[in-house]
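# Coordinates in review
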Amino acid sequence: MKVAIFPGDGIGVEVTAQAVRVLESLGLPGLTLFEGDVGAAAYRRHGRPLPAETLAMARACDAILFGAVGDPSCDALERHLRPEQAVLGLRAELGLFANLRPAKTFAGLEDMSALRPEIARQIDLLIVRELNGDVYFGDKGMRTTATGEREGWDMMSYCESEVRRIAHIGFRAAQGRNRRLTSVDKANVLETSQLWRDVVIEVSAEYPDVTLDHLYVDNAAMQLVRAPGQFDVVVTGNLFGDILSDQASMCVGSIGLLASASLGERMTEYGTFGLYEPIHGSAPDIAGQGIANPMAAILSAAMMLRHSFGRDAEAMRIEAAVARALADGIRSGDLGGTMGTAAIGDAVLERL
Ligand code: IPM
Ligand code: MG
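Because the structure is a prediction, the values reported are computed rather than measured. (Residues numbered from 1 in each chain as written. Chains lettered and ligands numbered in written order. Predicted model: local features only at pLDDT ≥ 70, side-chain atom pairs only at ≥ 80, totals over all residues. Heavy atoms only, no water.)

## A closer look at the overall build of the protein
Applied cut-off: Only DSSP runs of H or I covering at least 4 residues are called helices, and only runs of E covering at least 2 are called strands; the numbering of each starts at the N terminus. The globule rule is 2.2 Å times the number of residues to the power 0.38, and the radius of gyration it is compared with is taken over C-alpha atoms. The classification of residues rests on relative accessible area computed with a 1.4 Å probe and restricted to protein chains. Under 20% of the type maximum is buried, over 50% is exposed, and intermediate values are partly exposed. In what follows, residue pairs with any heavy atoms lying within 4.5 Å of each other are defined as contacts. Per-residue and other accessible areas follow the Shrake-Rupley method at a 1.4 Å probe size, with only the shown protein chains counted as cover for residues.
When helices and strands are tallied, the protein shows 12 helices and 12 strands. Its C-alpha atoms give the protein a radius of gyration of 20 Å, within 12% of the compact-globule value 20 Å for 352 residues. Counting only C-alpha atoms and orienting by the principal axes, one finds that the protein spans roughly 60 × 50 × 40 Å. Within the protein, buried positions represent 53% of all 352 residues. Considering only contacts within the protein whose residues lie at least 6 apart along the sequence, 75% involve residues at least 24 apart. Total accessible area on the protein is roughly 14800 Å²; 52% of this is exposed by carbon and sulfur atoms.

## Considering the environment of Tyr-43
Note that Tyr-43 resides in helix α2 (residues 39-46). Sequence separation between Tyr-43 and Ala-86 is 43 residues, and the spatial gap between their C-alpha atoms is 9.7 Å.

## Quick notes on the side chain of Glu-110
Looking at where Glu-110 falls in the secondary structure, it is placed in the loop between β4 (98-104) and α5 (117-120). Dropping the residues within four chain positions of it, Glu-110 is found in contact with Thr-105, Leu-115, Pro-117, Ala-120 and Arg-121.

## What about unusual backbone geometry?
Look at Asp-134: it is not a glycine, yet its phi comes out positive at around 75°. Its place among the elements puts Asp-134 in the loop between β5 (124-130) and β6 (140-144). A positive phi angle, close to 60°, is found at Arg-179, a residue other than glycine. With a relative accessible area of 38%, Arg-179 lands in the partly exposed category.

## Structural notes on the site of ligand 1
Counted only if it meets this: Nearness of a residue to a molecule or strand requires only that one of the residue's heavy atoms be within 4 Å of it. By the criterion applied in these results, polar contacts are pairs of N or O atoms within 3.5 Å in which, for protein atoms, one can donate a hydrogen and the other can accept it, and in which residues neighboring in sequence qualify only through two side-chain atoms. Only Asp, Glu, Lys and Arg are considered charged, only Ala, Val, Leu, Ile, Met, Phe, Trp, Tyr, Cys and Pro nonpolar, and every remaining residue, Gly among them, polar.
If you check the shell around ligand 1, you find Glu-84, Arg-91, Arg-101, Arg-129, Tyr-136 and Asp-242 and nothing else. For ligand 1, an oxygen atom lies 2.7 Å from a polar atom in the side chain of Arg-91. Take Tyr-136: an N or O atom from its side chain is 2.5 Å from an oxygen atom of ligand 1. Relative to its free-state accessible area of 320 Å², ligand 1 is covered by the protein chains to the extent of 77%. Partitioning the shell around ligand 1 into residue classes produces 1 nonpolar, no polar and 5 charged.

## Description of the packing of aromatic side chains
Given two aromatic rings, one states the distance between the centres and the angle between the planes to describe the pair. As a reminder of what qualifies: What counts as a ring pair is set by centres within 6.5 Å for rings of Phe, Tyr and Trp (its six-membered ring), and what kind of pair is set by the plane angle: stacked under 30 degrees, edge-to-face over 60, tilted for all other angles.
Counted by the stated rule, this structure contains 3 aromatic pairs. With 5.3 Å between their ring centres and 50° between their planes, Tyr-158 and Trp-196 make a pair best called tilted. Of the two residues, Tyr-158 sits in the loop between β7 (150-154) and α6 (160-175) while Trp-196 sits in helix α7 (residues 191-204), which places them 38 residues apart along the sequence. As far as burial versus exposure is concerned, Tyr-158 and Trp-196 are alike and both buried.

## Thoughts on the sheet that holds strand β10 (residues 233-236)
The criterion, for reference: Two strands are said to pair when DSSP picks up at least two bridges between them. Structural elements are reduced to axes, namely lines fitted to C-alpha atoms, with helices fitted over the stretch in contact, and the angle between N-to-C directions of any two is expressed from 0 to 180 degrees.
Overall, mixed pairing links the 10 strands, which are arranged β2-β1-β3-β12-β11-β4-β5-β10-β8-β9 in an open sheet. Two strands lie at the open edges of the sheet, namely β2 (32-35) and β9 (211-216), each paired on one side alone. Strand-to-strand twist of the sheet, defined as the mean angle between neighbouring strand axes without regard to direction, takes the value 20°. Of the strand pairs in this sheet, strand β8 (residues 180-185) and β10 are connected by 4 bridges, and their pairing is parallel.

## With respect to the pattern of salt bridges
Defined as follows: Should a side-chain nitrogen of Lys or Arg be within 4 Å of a carboxyl oxygen of Asp or Glu, the pair is scored as a salt bridge.
Summed over all chains, the structure comprises 22 salt bridges. Between Arg-306 and Asp-312 there is a salt bridge, and its shortest N-O distance comes to 2.8 Å. Residue class for Arg-306 comes out partly exposed when judged on its relative accessible area of 26%. Taken together, the shared-partner salt bridges connect Asp-124, Arg-177 and Asp-232 into one network.

Next comes the structure, spelled out in C-alpha cells:
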C-alpha cells in the first residue's frame, strides 16, 4: 500500500504532517509512505512545479495524499511554471476526472456557518465535480485585437464522453445516498452546458431509481445558501464545481473541514487510484505559524483509506475521532478557537 505524500506549499506542509501522523498511528501493515515535491516548493528545488520524478512517484504509488499549492511570490511566473500547475498536471496526467467534495455540517458547529444555524444543520451534500475538462483545460492565450487592445481568452468545451463518465459517477453516488441528483449548468447561455444537460438526461435513463433535476449555476449558488437541505448529490463541470464547493465549505462552517477525493479509472490491487486533498489552499497569510486547521487533511486521509484501500472501518474511525474532537470543543482559529495545528493533531489522535 504505497502512498505518495505531496505536502506542497504554505499550510499544505503543516496540515499534511498531521494527516501523516494519523495514518501512521493506525499501524496498517504494508503501508509505505514516499514524499515528493510539488508546487512552489518544487519550483524552487527543481525549476518546475511538477517535476518528472514527482510524477513518476505518483504513478508508482496506489494513492496520493496532497497538501496544497500556491505561493503569491510565483504570481508573475509564466503560467506553466506556477504552483497550481502541479495539481492541474497531476489531475490531467493521471486521468483523475472525478472530484468528490462532501459537505456536511458537524454537530455543534452550526454557529460557525455563514448561514443561520437551523439552515446550516440541513447540509449533507456531495459535490461531484468534473476535473479533466472545461475551460480549465481548453486552449487559452493572450492576443492583441485589431484595435490594439490586449485580449485574454480561454476555450470552454466538453465532449459527450467526458460528460457521460462524470454523469455515471454522479448517479452512482446518488444511489449510495438519498437518490437525488442535481445537475448544475448554464444551459440558458452556453452550448457547452446544453450538451452537458442533454447527455446527463440520456444517462439518467439507466438510473430510474435516482431523481434528477437541473439548475442553472446562478440559481444553484442561490439555493445553496437559501435551502441547502434540498441537495443530495450535485454533479457539475470543472469551473462551476470549483466555485460551488468553496461556497459549500463556508455553509458548513469552515473551509478547514472539507476533504476531497479525485478519482479516475485506474484500479490498483487495493482499490481505486486517487489523489486526496483538503479543498482549502496554501493560505499564505497564515502559513508557517502552526495555526492552520489540519482536520480537512486528516479527513482526506480517511477518504483515501476508503476509496483507494478499501479500509472503510479505519476511515470511519478517523471521521469519528474528528467529529468527537469538534464536539469536545477542539477549535482552531478558523472555527473561532485558539488551538494550533499540532495540538489539534494530538486531540484527534487521542480520540482515535
Ligand atoms: C481547487 C483549487 C484548484 C482548482 C486550483 C489550486 C488550481 O482551487 O482544487 O479547488 O481551481 O481546481
Ligand atoms: Mg477551488
